[in-house]
Amino acid sequence: MIFWFAAELPALCVVAALLELDATCVGQWMVSRPLVLAPLLGWLCGSAAAGVSVGILMELITLDDLPVGSAMPLNATVAAASAVLLASGPFALEPAAAFPAGIALGGAFSKVEVRLRSARARLSRSAEAALNAGRLPKLGRFIAMGWTWQAVASGVFLYATVAAMGPILSWGWYLGPAFVRQGLSLAFASAQCLGWATALFALRPR
Amino acid sequence: MSGMTRALKRRIFLRGLFIQSGWNFERMQNVGFAWCLESWIKRVHPDAGARQAAYRRHLEFFNTQPYMAGFVVGVAGRLEEEAARAPESAKRIESLKRAMGSALAGLGDSLFWGALKPACAVAAMAVGWTLSALGAPPAASLVSSILFYLVTFNAPALWVRWRGLSLGYELGEGVVAELKRMQWQQKVRWIRGAGFLIAMVLTAGPIFSSSVGASYVRLYAAALAVCLGMKSFGLRSAPAYGILLIGSLIIAWVGT
């Protein structure tokens, strides 16, 4: 258990945080999409099956969440990564419980991202201040700071939430009333209907 | 010195991959855009005052779809070269950038986010399931579907990013009209149509599976109808799943 919290989980959070950069900051090659990231994380954690099921469902459900302009939908990368990490390790949750927890955490991280994006306006102001002082701004440094903040924020968020929520949710799953377990399982089973409805709706002829 | 050399194009292309690293609510992609053009600005404006003015111009508000930014960078580079020769022409750079950014964002959003991303995702899942049905090992099916997704999405995306720089530079402000002539909306319709057909087949898969009973088919169809209803009301991923979760908990509670 100590090895999980001290070494494995931090390393997995670093991998997830680096891949999360692809969502907005660097590249947008789709390696941050749940269909790619969740099976990879699942394989690294030794829970490949959970990674694949979470990845496919999360990918489908978030297909029409468009990162357009200042719109801040649920962060699908953090949602998928946290669901897979919660479904792994010594307090491994059932995917039926890890999946909604991941969606909640993805939604919570989008609020953190709003803060980050507001804070990044400082980079723009610093560049202007340098010009006003008669110097050329070091834009490369600002760019590096932009994606470093993003990676640190997502990595720390993932580690803190998964480490804190994993044991609590795991105990809650077994100690909670039976209807909650049944309800969560039913919701997880019907999530594929929501996923396909989202895919059909996103691709419908217009 | 003017002209976009291959080395300059390569550098701008690589920097373009980071255009959103400085994304902020006040001026959106301004820092990333200015960083993309930095080498070009240094090249065409040897004078410190003109260089500072160019930095200032490109640190103003800018936003577009990230894959389409190359077109605007190419046009802006060309206009900076013109501004180095005739400083009065610098005035129109900012307004042109804004107008082009909005026009290209519409094209890019509908092509990449609205059509290519969902179509590639469902096609990748179809590849995985087909390979599994043909008896391929699970790992091979999974890796094939992920590679399919990444290659089919990134090949056009990277091509547009690379080619956009040259087209923007060669055509200048005429690039938007040229892109409209390429009938992108028709391509978007084709991609969406193909994706929709694949999604239909995959959605109907469980209904026609021989291993499920009639009651499962009825439940599946009912759940699908409810979810399509939620989507038609414009519910996004998290609230739609929230409603599904609450409904499932109520059903389970009533059932016990």
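Throughout, residues of each chain are indexed from 1 in the direction in which the sequence is written. Key to labels: chains lettered from A, ligands numbered from 1, both in the order written. It should be noted that, the model being predicted, local features are given only for residues of pLDDT at least 70 and side-chain atom pairs only at 80 or more, the latter also being counted only at that level, while totals for whole chains, interfaces and linings use all residues. Hydrogens are left out, water is left out, and the side-chain values use all remaining heavy atoms of the structure.

**Considering the overall build of chain A**
Item 1. Think of it this way: any DSSP run of H or I at least four residues long counts as a helix, any run of E at least two long counts as a strand, and we number them from the N terminus. Helix and strand counts for chain A stand at 8 helices and 0 strands.
Item 2. If you line up chain A on its principal axes, its C-alpha atoms span 70 × 55 × 25 Å.
Item 3. Under the scheme applied here, a residue whose accessible area is under 20% of the maximum for its type counts as buried, over 50% as exposed, and between as partly exposed, the area being computed with a 1.4 Å probe on protein chains only. Expressed as a percentage of the 206 residues in chain A, the buried residues total 58%.
Item 4. Here, two residues are considered to be in contact whenever any of their heavy atoms come within 4.5 Å of each other. Partitioning the contacts of chain A with sequence separation of at least 6, the portion at a separation of at least 24 is 74%.
Item 5. Accessible area for chain A stands at about 7,700 Å²; split by element, carbon and sulfur atoms hold 70% of it.
Item 6. For the purpose of charge, His is not counted, nor are the chain termini; Lys and Arg are scored as positive and Asp and Glu as negative. A charge is said to be at NZ when it belongs to Lys, at CZ for Arg, at CG for Asp and at CD for Glu. Seen as two clouds, the 13 positive and the 9 negative side-chain charges of chain A have centres 11 Å apart. To be clear on the numbers: accessible area is Shrake-Rupley with a 1.4 Å probe, and residue cover counts the displayed protein chains and nothing else.

**Quick notes on the overall build of chain B**
Item 1. Within chain B, the regular secondary structure consists of 10 helices and 0 strands.
Item 2. Listing the helices and strands of chain B from first to last along the sequence gives α-α-α-α-α-α-α-α-α-α.
Item 3. A compact globule built from 256 residues would reach a C-alpha radius of gyration of about 18 Å, whereas chain B, at 24 Å, exceeds it by more than 25%.
Item 4. Here the C-alpha coordinates of chain B stretch approximately 80 × 40 × 35 Å along the principal axes.
Item 5. Counting only contacts in chain B whose residues sit at least 6 apart along the sequence, the fraction spanning at least 24 positions is 76%.
Item 6. Accessible surface computed for chain B: about 11,600 Å², of which carbon and sulfur atoms make up 67%.
Item 7. Placing the 28 positive and 13 negative side-chain charges of chain B at their respective mean positions leaves the two points 10 Å apart. The size measure is the radius of gyration over C-alpha atoms, and the globule rule it meets is 2.2 Å times the number of residues to the 0.38 power.

**Some details on the environment of Gly3 of chain B**
Item 1. Position of Gly3 of chain B relative to the elements: it lies in the segment before helix 1 (6-16).
Item 2. As a C-alpha pair, Gly3 of chain B and Gly77 of chain B span 74 residues in sequence and 9.0 Å in three-dimensional space.

**Section: the packing of aromatic side chains**
Item 1. Side-chain rings of Phe, Tyr and Trp (the six-membered ring for Trp) are treated as a pair once their centres are within 6.5 Å; stacked means planes under 30 degrees apart, edge-to-face means over 60, and tilted covers the remaining angles. Taken as a whole and judged by the stated rule, the model has 17 aromatic pairs over all chains.
Item 2. Pairwise contacts between aromatic rings join Tyr67, Phe112, Trp113 and Phe153 of chain B into one cluster.
Item 3. The ring centre of Trp23 of chain B lies 4.7 Å from the NZ or CZ of Arg117 of chain A, which sits over that ring. Here, a charge over a ring means that NZ of Lys or CZ of Arg falls within 6 Å of the ring centre while also lying within 35 degrees of the ring normal.

**Quick look at the domain arrangement of chain B**
Item 1. For chain B, the assigned domains read domain 1 (6-208) and domain 2 (214-256).
Item 2. Each domain's limits were defined by an automated method or a database of domain assignments. Distance from the C-alpha centre of domain 1 of chain B to the C-alpha centre of domain 2 of chain B: 36 Å.

**Observations concerning the side chain of Thr77 of chain A**
Residue and element names in this part refer to chain A.
Item 1. With respect to the secondary-structure elements, Thr77 resides in helix 4 (residues 76-86).
Item 2. A residue is classified by how much of its surface remains accessible, and Thr77, at 5% relative accessible area, is buried.
Item 3. In this structure the side chain of Thr77 is engaged in a polar contact, spanning 2.9 Å, whose partner is the backbone oxygen of Ser32.
Item 4. When neighbours within four sequence positions are excluded, Thr77 is seen to be in contact with Glu20, Ala23, Ser32 and Leu37. We call two N or O atoms a polar contact when they sit within 3.5 Å, provided that within protein one can donate a hydrogen and the other can accept it, with sequence-adjacent residues counted only if both atoms are side-chain atoms.

**Details of the interface of chain A and chain B**
Item 1. With 77 residues of chain A in contact, the opposing surface of chain B contributes 76 residues.
Item 2. The partner of Asp64 of chain A in a salt bridge is Lys231 of chain B, and the shortest N-O contact between them spans 3.3 Å.
Item 3. Run the count over chain A and chain B and you get 20 residue pairs in polar contact (both at pLDDT 80 or more).
Item 4. Of all the secondary-structure elements, those providing two or more residues to the side of chain A that touches chain B are helix 2 (34-45), helix 3 (48-61), helix 5 (95-119), helix 6 (121-132), helix 7 (139-175) and helix 8 (178-203) of chain A.
Item 5. No other element matches helix 8 of chain A, which puts 21 residues into the side of chain A that touches chain B.
Item 6. For this classification, Asp, Glu, Lys and Arg are treated as charged, while Ala, Val, Leu, Ile, Met, Phe, Trp, Tyr, Cys and Pro are nonpolar and the rest, including Gly, are polar. Residue classes in the side of chain A that touches chain B are distributed as 49 nonpolar, 17 polar and 11 charged. Any Lys or Arg side-chain nitrogen found within 4 Å of a carboxyl oxygen on Asp or Glu counts as a salt bridge.

**Focus: a positive patch on the surface**
Item 1. Residues with no salt bridge and a relative accessible area higher than 30% make up the patches, which join like charges within 9 Å and nonpolar side chains (Val, Leu, Ile, Met, Phe, Trp, Tyr) within 5 Å. Together, Arg135, Lys138 and Arg141 of chain A together with Arg11 and Lys42 of chain B line one region of the surface with positive charge.
Item 2. Within the secondary structure, Arg135 of chain A is located in the loop between helix 6 and helix 7.

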